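Examination of the molecular architecture
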Amino acid sequence: MTRTTSDDDLDLFFAAGQDSDLPDALRARILADAASALPKPAPGWGARIKAWTAGWAMPSVAGGLGAALAGVYIGMVMPLSLYDVPVWMDGALSVFDQVTTPLLGVGDPLEMGF
Amino acid sequence: MLSEQDEAELLARFAQGDLRAAQALTDLLAPRLLRFATRMLADRSEAEDVTQDTMLRLWRIAPDWDAGHAKPSTWAFRVARNLCTDRLRRRRPTEPEMPDLPDGALGADARLMQDARARALDAALAQLPERQREAVILRHIEGLSNPEIAAILMVGVEAVESLTARGKRKLTALLSGRKEELGYDADDI
């Protein structure tokens, strides 16, 4: 293409108009925007499990586990039958009368005349 | 100037969390957007806001960027152009101030002369109708191709050619008398 003199003249002005820098402050603002807009990476398994346990799951698991252990204890480990509860209570009261109250220095209220 | 694929690749890398890609895109696009907005708005502060807003929109669209979409720089210029148009419409009609575009590392005299030339260009550009001004800035200062400008201005390529030709004719008329005054002698040509 043949360039005319006026084209060249204008090109000189256009060249003068191409000088401009990006101010550091503006660049910093743009990059701060970029950092905040940066897509967040998907959480790893560790973070997922941690978040899961930090919510409702941990108390639920703990409650379920407690109930299961109590069931195992009552059903399989407990040495005495529940039908023997009156006997345990009698034994406990006997221990109270014969051991605990003398140790505390408190006698039988009936014998003390109340 | 980066190709469409390079720009899209940088944007894709940013979408995957690479902040260095954002720095590269910023250094590539932001000075051009700032120059364009400064000339459109004749207000440096507003132009900086437009540039920042445009880049923010680019960051936000990055994860959903369609590789078959327009070139990211074309998209960014279109956004900047729309933001400038919105601001110009909201503005009361006033005499535009000439934008102050800083120069690189030049000597004091050369810088003054360069400033004077840039101001003369800006003053002449400010007298062009808005669409001619957009077309001339994008074509001759930012170096975009006619199809890219057509995509930004949402007109046909022929219309872009017509706008730039008419804009250049008017600029030539406006600047022809200032050539000697601004240090352009016959040796420059």
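All values derive from a computational prediction rather than experimental measurement.

Rules of the game
- Residues numbered from 1 in each chain as written.
- Chains lettered and ligands numbered in written order.
- Predicted model: local features only at pLDDT ≥ 70, side-chain atom pairs only at ≥ 80, totals over all residues.
- Heavy atoms only, no water.
- Helix = DSSP H or I, 4+ residues; strand = E, 2+ residues; numbered from the N terminus.
- Buried < 20%, exposed > 50% of the residue type's maximum accessible area, 1.4 Å probe, protein only.
- Areas by Shrake-Rupley, 256 points an atom, 1.4 Å probe, with all protein chains shown as cover.
- Core = buried A, V, L, I, M, F, W, Y, C linked by side-chain atoms within 4.5 Å.
- Contact = heavy atoms within 4.5 Å.
- Bend = angle between axes of the 7 residues up to and from the residue.
- Polar contact = N/O pair within 3.5 Å; in protein donor to acceptor, adjacent residues only side chain to side chain.
- Phe/Tyr/Trp six-rings, centres within 6.5 Å; stacked < 30°, edge-to-face > 60°.
- Lys NZ or Arg CZ within 6 Å of the ring centre and 35° of its normal.
- Patch = residues over 30% accessible without salt bridge, like charges linked within 9 Å, V, L, I, M, F, W, Y side chains within 5 Å.
- Salt bridge = Lys/Arg side-chain N within 4 Å of Asp/Glu carboxyl O.
- pLDDT = per-residue confidence, 0-100.
- Axes fitted to C-alpha atoms, helices over the stretch in contact; angles between N-to-C directions.
- Parallel < 35°, antiparallel > 145°, perpendicular 65-115°, else oblique.
- Left-handed = near helix turned anticlockwise from the far one by under 90°.
- Nonpolar A, V, L, I, M, F, W, Y, C, P; charged D, E, K, R; others polar.

Within chain A, the regular secondary structure consists of four helices and zero strands. Going residue by residue from the N terminus, the α and β elements of chain A occur as α-α-α-α. Residues classed as buried in chain A amount to 15% of the 114 residues present. Surface exposure of chain A reaches about 8500 Å², of which carbon and sulfur atoms provide 69%.

A separate point is the nonpolar core. Within the largest apolar cluster, 60 residues are counted, with the highest numbers of intra-cluster contacts made by W59 and L171 of chain B. Residue contributions to this core peak at 12 residues, all from helix α2 (residues 19-41) of chain B. If near-sequence neighbours (up to four positions away) are discounted, W59 of chain B is found in contact with I30, D33, A34 and A37 of chain A together with F14, A22, L25 and T26 of chain B.

Residue and element names in this part refer to chain B. Largest kink in α2: about 30°, centred on T26. Of all 23 residues making up α2, 18 are buried, and the element is well covered by its neighbours. If you check the start of α2, you find a side-chain oxygen 2.9 Å away from the backbone N of R20, and it comes from D18. Positive backbone phi, approximately 55°, marks A42, located one or two places after α2.

Of note, I30 of chain A is situated in helix α2 (residues 24-37). In contact with I30 of chain A, not counting residues within four places along its chain, are T26, A30, T51, Q52, M55 and W59 of chain B.

Residue and element names in this part refer to chain B. Of note, A42 is a non-glycine position whose phi angle comes to about 55°, a positive value. Its location among the elements puts A42 in the loop between α2 and α3 (44-61). Looking at A42, the relative accessible area reads 12%, which means it is buried.

Before going further, it helps to examine the packing of aromatic side chains. For any pair of aromatic rings, the description rests on two quantities: the centre-to-centre distance and the angle between the ring planes. Counted under the stated rule, the structure contains three aromatic pairs over all chains. Measuring from ring centre to ring centre gives 4.9 Å for F14 of chain B and W59 of chain B, while their planes differ by 50°; the resulting arrangement is tilted. Placement of F14 of chain B in helix α1 (residues 4-15) and of W59 of chain B in helix α3 is noted, with a sequence separation of 45 residues between them. Of the residues examined, F14 of chain B reaches a relative accessible area of 0% and is grouped as buried. A cation sits over an aromatic face here: R48 of chain A above W45 of chain A, 5.0 Å from the ring centre.

This part is about a nonpolar patch on the surface. Together, V72, Y73, I74, M76 and V77 of chain A give the surface a local cluster of nonpolar side chains, amounting to about 520 Å² of exposed area. Residue position: Y73 of chain A is located in helix α3 (residues 45-77).

Moving on: the confidence of the model for chain B. All names here are of chain B. Considering every residue of chain B, the mean pLDDT works out to 82; 80% of them sit at 70 or more. By mean pLDDT, helix α5 (residues 108-126) is the weakest element of chain B at 78, and α3 is the strongest at 93. Of the two predicted TM-score estimates for the complex, the pTM is 0.63 and the ipTM is 0.74.

The interhelical angle for the contact between α2 of chain A and α3 of chain B, taken along N-to-C directions, is 25°, at an axis separation of 9 Å. Between α2 of chain A and α3 of chain B, the angle falls in the class roughly parallel. In terms of crossing hand, the pair formed by α2 of chain A and α3 of chain B is right-handed. Every residue of α3 of chain B that contacts α2 of chain A at L26, R29, I30, D33, A34 and A37 of chain A is listed here: E48, T51, Q52, M55, L56 and W59 of chain B. Split into classes, the residues belonging to the contact of α2 of chain A with α3 of chain B amount to seven nonpolar, two polar and three charged.

Attention shifts here to the side chain of Q132 of chain B. Inspection of the secondary structure assignment puts Q132 of chain B in helix α6 (residues 130-141). With near-sequence residues (within four places) excluded, Q132 of chain B lies in contact with L163, R166 and G167 of chain B.

Before going further, it helps to spend a moment on the side chain of R35 of chain B. Within the secondary structure layout, R35 of chain B lies in helix α2. A polar atom in the side chain of R35 of chain B sits 2.7 Å from the side chain of E142 of chain B.

Okay, the environment of L25 of chain B next. Residue and element names in this part refer to chain B. Looking at the secondary structure, you find L25 in helix α2. A relative accessible area of 0% means that L25 is categorised as buried. Along the chain, L25 and S73 lie 48 residues apart, while their C-alpha atoms are 9.2 Å from each other. Each residue touching L25, except ones within four places of it in the same chain, is listed here: E7, L10, L11, A30, M55 and W59.

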